[in-house]
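Each chain, written out:
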Amino acid sequence: MAKSKLNSKSNMKDRKTYCIMCGKEKNGIEIKIDNVIKTIRYIKKKIFHTERNNRLVVCEECYQTYAKNRKRFVSRQRLYIGLGVVFLIFSVFLAPNVGSFIIGLVILLLLYILSFLNYTPELSISITNDKNKLSKFLNTHNKKELKNNT
Ligand SMILES: [Zn+2]
(Lines give C-alpha, C1' and ligand atoms only; values in the text may rest on other atoms or scores of the structure.)
Protein backbone atom coordinates (compact mmCIF):
# COMPACT_ATOMS: atom_id res chain seq x y z
CA MET A 1 0.00 0.00 0.00
CA ALA A 2 2.71 2.44 1.08
CA LYS A 3 4.82 1.48 -1.88
CA SER A 4 2.13 2.13 -4.45
CA LYS A 5 1.46 5.49 -2.83
CA LEU A 6 5.09 6.41 -3.21
CA ASN A 7 5.09 5.28 -6.82
CA SER A 8 2.10 7.34 -7.77
CA LYS A 9 3.66 10.32 -6.06
CA SER A 10 6.86 10.07 -8.05
CA ASN A 11 4.79 9.50 -11.18
CA MET A 12 2.89 12.68 -10.54
CA LYS A 13 6.11 14.64 -10.39
CA ASP A 14 7.47 13.76 -13.79
CA ARG A 15 4.14 13.33 -15.47
CA LYS A 16 4.08 14.87 -18.90
CA THR A 17 1.11 16.36 -20.66
CA TYR A 18 0.33 15.07 -24.10
CA CYS A 19 -2.36 15.97 -26.59
CA ILE A 20 -4.27 12.84 -27.63
CA MET A 21 -4.86 14.23 -31.12
CA CYS A 22 -1.47 15.48 -32.32
CA GLY A 23 0.63 13.57 -29.78
CA LYS A 24 2.67 16.65 -28.96
CA GLU A 25 3.66 17.63 -25.46
CA LYS A 26 1.15 20.42 -24.92
CA ASN A 27 -1.31 21.81 -22.46
CA GLY A 28 -5.05 21.72 -23.00
CA ILE A 29 -8.30 20.38 -21.63
CA GLU A 30 -7.79 17.16 -19.73
CA ILE A 31 -9.74 14.14 -20.91
CA LYS A 32 -11.80 11.95 -18.62
CA ILE A 33 -10.05 8.76 -17.52
CA ASP A 34 -12.86 6.33 -18.24
CA ASN A 35 -12.94 2.54 -18.23
CA VAL A 36 -11.59 2.29 -21.79
CA ILE A 37 -8.52 4.37 -20.92
CA LYS A 38 -8.13 2.49 -17.64
CA THR A 39 -8.19 -0.80 -19.56
CA ILE A 40 -5.64 0.44 -22.11
CA ARG A 41 -3.40 1.65 -19.27
CA TYR A 42 -3.75 -1.65 -17.44
CA ILE A 43 -2.79 -3.62 -20.57
CA LYS A 44 0.14 -1.31 -21.27
CA LYS A 45 1.35 -1.66 -17.71
CA LYS A 46 0.86 -5.41 -17.38
CA ILE A 47 1.90 -6.58 -20.82
CA PHE A 48 4.07 -3.93 -22.43
CA HIS A 49 5.36 -2.19 -19.29
CA THR A 50 5.21 1.09 -21.15
CA GLU A 51 2.55 2.98 -19.26
CA ARG A 52 3.95 6.34 -18.13
CA ASN A 53 0.73 7.66 -16.68
CA ASN A 54 0.93 10.88 -18.65
CA ARG A 55 -1.72 13.54 -18.41
CA LEU A 56 -3.85 13.32 -21.52
CA VAL A 57 -5.35 16.48 -22.93
CA VAL A 58 -6.79 17.97 -26.09
CA CYS A 59 -4.78 21.03 -27.10
CA GLU A 60 -6.52 24.09 -28.46
CA GLU A 61 -5.25 23.61 -32.02
CA CYS A 62 -6.78 20.15 -32.08
CA TYR A 63 -10.02 21.00 -30.34
CA GLN A 64 -12.11 21.44 -33.50
CA THR A 65 -10.94 18.11 -34.93
CA TYR A 66 -11.43 16.47 -31.56
CA ALA A 67 -15.01 17.76 -31.26
CA LYS A 68 -15.80 16.44 -34.75
CA ASN A 69 -14.25 13.04 -34.00
CA ARG A 70 -16.02 12.76 -30.66
CA LYS A 71 -19.38 13.53 -32.25
CA ARG A 72 -18.75 10.97 -34.99
CA PHE A 73 -17.64 8.36 -32.47
CA VAL A 74 -20.72 8.85 -30.26
CA SER A 75 -23.17 8.68 -33.16
CA ARG A 76 -21.40 5.70 -34.72
CA GLN A 77 -21.43 3.84 -31.42
CA ARG A 78 -25.17 4.47 -31.08
CA LEU A 79 -25.69 3.20 -34.61
CA TYR A 80 -23.67 0.01 -34.00
CA ILE A 81 -25.48 -0.75 -30.75
CA GLY A 82 -28.83 0.03 -32.41
CA LEU A 83 -28.02 -2.35 -35.27
CA GLY A 84 -27.02 -5.05 -32.80
CA VAL A 85 -30.25 -4.69 -30.86
CA VAL A 86 -32.34 -4.75 -34.05
CA PHE A 87 -30.47 -7.85 -35.20
CA LEU A 88 -31.05 -9.53 -31.84
CA ILE A 89 -34.78 -8.78 -31.90
CA PHE A 90 -35.12 -9.96 -35.51
CA SER A 91 -33.21 -13.20 -35.01
CA VAL A 92 -35.28 -14.10 -31.95
CA PHE A 93 -38.47 -13.08 -33.75
CA LEU A 94 -37.67 -15.17 -36.84
CA ALA A 95 -36.42 -18.22 -34.94
CA PRO A 96 -37.57 -18.08 -31.33
CA ASN A 97 -35.02 -20.32 -29.66
CA VAL A 98 -31.99 -20.07 -27.37
CA GLY A 99 -29.54 -20.53 -30.26
CA SER A 100 -30.65 -17.48 -32.19
CA PHE A 101 -30.76 -15.46 -28.99
CA ILE A 102 -27.11 -16.36 -28.29
CA ILE A 103 -26.10 -15.57 -31.89
CA GLY A 104 -27.90 -12.25 -31.63
CA LEU A 105 -26.08 -11.48 -28.38
CA VAL A 106 -22.69 -12.38 -29.88
CA ILE A 107 -23.36 -10.12 -32.89
CA LEU A 108 -24.42 -7.33 -30.53
CA LEU A 109 -21.23 -7.78 -28.51
CA LEU A 110 -19.07 -7.80 -31.67
CA LEU A 111 -20.72 -4.62 -32.93
CA TYR A 112 -20.18 -3.05 -29.53
CA ILE A 113 -16.46 -3.91 -29.62
CA LEU A 114 -16.23 -2.68 -33.23
CA SER A 115 -17.75 0.63 -32.21
CA PHE A 116 -14.63 1.35 -30.16
CA LEU A 117 -12.38 1.27 -33.23
CA ASN A 118 -12.35 5.03 -33.55
CA TYR A 119 -12.60 5.64 -29.85
CA THR A 120 -12.53 9.29 -28.87
CA PRO A 121 -12.64 9.90 -25.12
CA GLU A 122 -14.81 12.38 -23.32
CA LEU A 123 -13.36 15.56 -21.81
CA SER A 124 -13.06 15.82 -18.04
CA ILE A 125 -15.02 19.05 -18.01
CA SER A 126 -18.00 19.70 -20.22
CA ILE A 127 -16.52 22.70 -21.97
CA THR A 128 -18.97 22.37 -24.85
CA ASN A 129 -21.83 23.30 -22.55
CA ASP A 130 -19.95 26.28 -21.23
CA LYS A 131 -19.82 28.79 -24.08
CA ASN A 132 -17.62 31.22 -22.13
CA LYS A 133 -15.03 28.62 -21.26
CA LEU A 134 -15.02 27.31 -24.80
CA SER A 135 -14.60 30.68 -26.46
CA LYS A 136 -11.91 31.58 -23.95
CA PHE A 137 -10.12 28.34 -24.71
CA LEU A 138 -10.38 28.78 -28.46
CA ASN A 139 -9.63 32.47 -28.39
CA THR A 140 -5.87 32.22 -28.80
CA HIS A 141 -6.26 29.66 -31.53
CA ASN A 142 -8.73 31.76 -33.51
CA LYS A 143 -6.54 34.79 -33.23
CA LYS A 144 -3.67 32.81 -34.64
CA GLU A 145 -5.83 31.56 -37.47
CA LEU A 146 -6.95 35.08 -38.32
CA LYS A 147 -3.34 36.17 -38.43
CA ASN A 148 -2.50 33.35 -40.77
CA ASN A 149 -5.38 34.17 -43.08
CA THR A 150 -4.52 37.82 -43.48
ZN1 LIG B 1 -2.99 18.69 -30.30
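Being a predicted model, the structure only gives us computed values, none of them experimental.

S.K.: Can you walk me through helix α2 (residues 35-48) in this structure?
M.R.: The periodicity of an α-helix, 3.6 residues per turn, causes residues three or four positions apart to be oriented the same way. The terminal C-alpha atoms of α2, which comprises 14 residues, lie 19 Å apart, in line with the 20 Å expected from a rise of 1.5 Å per residue. When you tally the buried positions in α2, you get zero out of 14 residues, a small fraction of the element. Immediately downstream of α2, the backbone of H49 shows phi near 50 degrees, a positive value.

S.K.: What is the right way to look at the environment of L83 in this model?
M.R.: Secondary-structure assignment places L83 in helix α3 (residues 63-94). Accessibility expressed as a C-beta count within 10 Å gives 15 for L83, which makes it partly exposed. Each C-alpha atom of the pair L83 and I107 lies 9.4 Å from the other, and the pair is 24 residues apart in sequence.

S.K.: Explanation requested: the nonpolar core in the structure shown.
M.R.: Buried together is how nonpolar side chains tend to be arranged in soluble globular proteins. Counting eight residues, the largest nonpolar core consists of C19, I31, V57, V58, C59, C62, Y63 and Y66. Going through the elements one at a time, β3 (55-58) and α3 are the ones with two or more residues in this core. In contact with I31, other than residues within four places in its own chain, are I20, L56, V57, V58, P121, E122, L123 and S124.

S.K.: I keep staring at the pairing of β3 and nothing clicks. Help me out?
M.R.: Remark: a regular strand shows side chains that alternate across the two faces of the sheet. Here strand β1 (residues 17-19) pairs with β3 via three bridges, running parallel. Paired with T17 across the two strands is R55, which belongs to β3. Bridge count between strand β2 (residues 29-30) and β3: two bridges; the pairing is antiparallel. Each bridged residue has a counterpart across the sheet, and for I29 the counterpart in β3 is V58.

S.K.: What exactly am I supposed to notice about the packing of α3 against helix α4 (residues 98-114) here?
M.R.: Helix-helix packing is characterised by the crossing angle of the two axes and by the distance between the axes. Taken N-terminus to C-terminus, the directions of α3 and α4 make an angle of 175 degrees; their axes are 8 Å apart at the nearest point. Comparing the axis directions of α3 and α4 gives the class roughly antiparallel. Mapping the contact onto sequence places Y80, I81, L83, G84, V85, F87, L88, S91 and V92 in α3 and S100, F101, I103, G104, L105, I107, L108, L111, Y112 and L114 in α4.

The rules behind each value
Residues numbered from 1 in each chain as written. Predicted model: local features only at pLDDT ≥ 70, side-chain atom pairs only at ≥ 80, totals over all residues. Helix = DSSP H or I, 4+ residues; strand = E, 2+ residues; numbered from the N terminus. Expected span 1.5 Å × (residues − 1). Buried ≥ 20, exposed ≤ 12 C-beta atoms within 10 Å, placed from the backbone. Core = buried A, V, L, I, M, F, W, Y, C linked by C-beta atoms within 7 Å. Contact = placed C-beta atoms within 7 Å. Pairing = 2+ DSSP bridges. Axes fitted to C-alpha atoms, helices over the stretch in contact; angles between N-to-C directions. Parallel < 35°, antiparallel > 145°, perpendicular 65-115°, else oblique.

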